[in-house]
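# Residue-level structural notes
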Amino acid sequence: MNNSPIGIFDSGIGGLTVAREIMRQLPDESTVYFGDTARVPYGSKSRDTIISFSRQIMKFLMTKNVKAIVVACNTASAFALDTIAKETDIPVIGVIEPGAKAAADTTINKRIGVIATEGTIKSNTYPKVIKSIDPDIQVFSKACPLFVPLVEEGWQYDSVTYEIADRYLYDIMSYDIDTLVLGCTHYPLIRRTIQKVVGDKVTLVSPAYETAKELERILAGEDIRAHANKAEHHFYVSDSVERFRNFAGTILPCEIGPVECVNMEQYN
Ligand code: DGL
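Residues numbered from 1 in each chain as written. Predicted model: local features only at pLDDT ≥ 70, side-chain atom pairs only at ≥ 80, totals over all residues. Heavy atoms only, no water.

This paragraph deals with the overall build of the chain. From N to C terminus, the chain includes 12 helices and 10 strands. Here the C-alpha radius of gyration of the chain, 18 Å, is about what a compact globule of 268 residues would show, namely 18 Å. Oriented by its inertia axes, the alpha-carbon framework of the chain measures out at about 50 × 40 × 35 Å. By the burial criterion, 57% of the 268 residues in the chain qualify as buried. Across the chain, the fraction of contacts at a sequence separation of at least 24, relative to all contacts at a separation of at least 6, is 76%. Total accessible area on the chain stands at roughly 12000 Å², and carbon and sulfur atoms take up 47% of it. Between the averaged position of the 28 positive side-chain charges in the chain and that of its 34 negative side-chain charges there is a distance of 2 Å. (Helix = DSSP H or I, 4+ residues; strand = E, 2+ residues; numbered from the N terminus. Rg over C-alpha atoms; globule rule 2.2 N^0.38 Å. Buried < 20%, exposed > 50% of the residue type's maximum accessible area, 1.4 Å probe, protein only. Contact = heavy atoms within 4.5 Å. Areas by Shrake-Rupley, 256 points an atom, 1.4 Å probe, with all protein chains shown as cover. Lys, Arg positive; Asp, Glu negative; His and termini not counted. Charge placed at Lys NZ, Arg CZ, Asp CG, Glu CD.)

Next up, the structure:
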């Protein structure tokens, strides 16, 4: 069991920012990554749809003998984590709790901004979790739906992305926040642009780092850390193999072997 892989999934490529952090912090652990590239984006879909997609993906990952699952997607963490976690015996970890904890630890003036997809913002999960940690913290949220296609287009540092970020973040900046949660897996990829817009006084929090830390704590607690393991990383998608492969190659610290396409209908 200890040297079994960790399953990681996202709606597409964004969760690779979480996979990257897991590979950095837990270099002995093998991983199986699934990107639902045929059905991205999740951010504008309903709770029921996201639960049904997440359930299928969990079934697929279980066939790869994973010892834990990381829901490396904020929208799926907001809508489906509680449901799918009840349907398996292995640990299932989302990105929202670790991100919320990191933000609560970071803020000094107790004013936190959260930017994410429409689904994550509507679910109200970040404010709920942050307030459960410290009820005195005020949370200001903003959906930024155009950020995902801009990243997918490769326009991370384009002036258009800067202008859109400026427009999205204008309101939230008027609330005097000192901490901003990048509550969508794509947003760390435009971190520099966002930082330029919000200025140096605002600390950006990426849940990926804390999620890897939380995963390590859970694996250690369950005594299922890998030992003397030569880590292997396998990648699966539901569509667009080449696009995924090229993107993964630009952000992951490991060799990207073959990427396989999976038909999710067989996991109903
Ligand atoms: N991975 C999604 C998230 O973190 C963003 C992309 C999408 O909308 O599917 O919420």
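Excluding glycine, most residues fall at negative phi; most peptide bonds, likewise, are trans. Residue proline 41 follows valine 40 across a cis peptide bond; omega there is 5 degrees. You can see proline 41 is positioned in the loop between β2 (31-35) and α2 (47-62). Of note in this structure, aspartate 176 is not a glycine but carries a positive phi near 60 degrees. Among the structural elements, aspartate 176 can be located in the loop between α9 (159-173) and β7 (179-182). Here the phi dihedral of serine 240 falls at roughly 55 degrees; this positive angle occurs in a residue that is not glycine. Along the polypeptide, serine 240 turns up in the loop between β9 (233-237) and α12 (241-251). Serine 240 gets classed as partly exposed once you look at its relative accessible area, which sits at 32%.

Unfilled space is identified by rolling a water-sized probe across the atoms. Following the criterion strictly, the structure yields 2 cavities of 30 Å³ or more and no others. As a volume, the largest cavity reaches approximately 60 Å³. Forming the boundary of the largest cavity are Thr17, Val18, Asn74, Val95, Leu182, Cys184, Thr185, Pro188, Ser206, Pro207 and Ala208. Mapped by element, the contributors of at least two residues to the lining of the largest cavity are α1 (16-25) and α11 (207-221). Its residues placed into classes, the lining of the largest cavity shows 7 nonpolar, 4 polar and no charged. Forming the boundary of the second largest cavity are Val114, Thr120, Ile121, Asn124, Thr125, Tyr126, Pro127 and Ser141. Of the residues contributing to the lining of the second largest cavity, the split by class is 4 nonpolar, 4 polar and no charged. (1 Å grid on protein atoms, 1.4 Å probe; cavity = no way out; pocket = protein on both sides within 12 Å on 5 of 7 lines; lining within 4 Å. Points joined across faces, edges and corners; volume = space filled by probe spheres on them. Nonpolar A, V, L, I, M, F, W, Y, C, P; charged D, E, K, R; others polar.)

In this section: the pattern of salt bridges. Tallying each qualifying case throughout the model produces 10 salt bridges. Of the charged contacts, one joins arginine 39 and aspartate 36 as a salt bridge, the two residues approaching to 2.8 Å between their closest N and O atoms. Taken as a pair, arginine 39 and aspartate 36 share a single burial class, namely buried. One continuous salt-bridge network, built from bridges that share partners, spans Glu29, Lys67, Glu216 and Arg225. (Salt bridge = Lys/Arg side-chain N within 4 Å of Asp/Glu carboxyl O.)

Everything listed here is a matter of geometry and, on its own, says nothing about what the molecule does.
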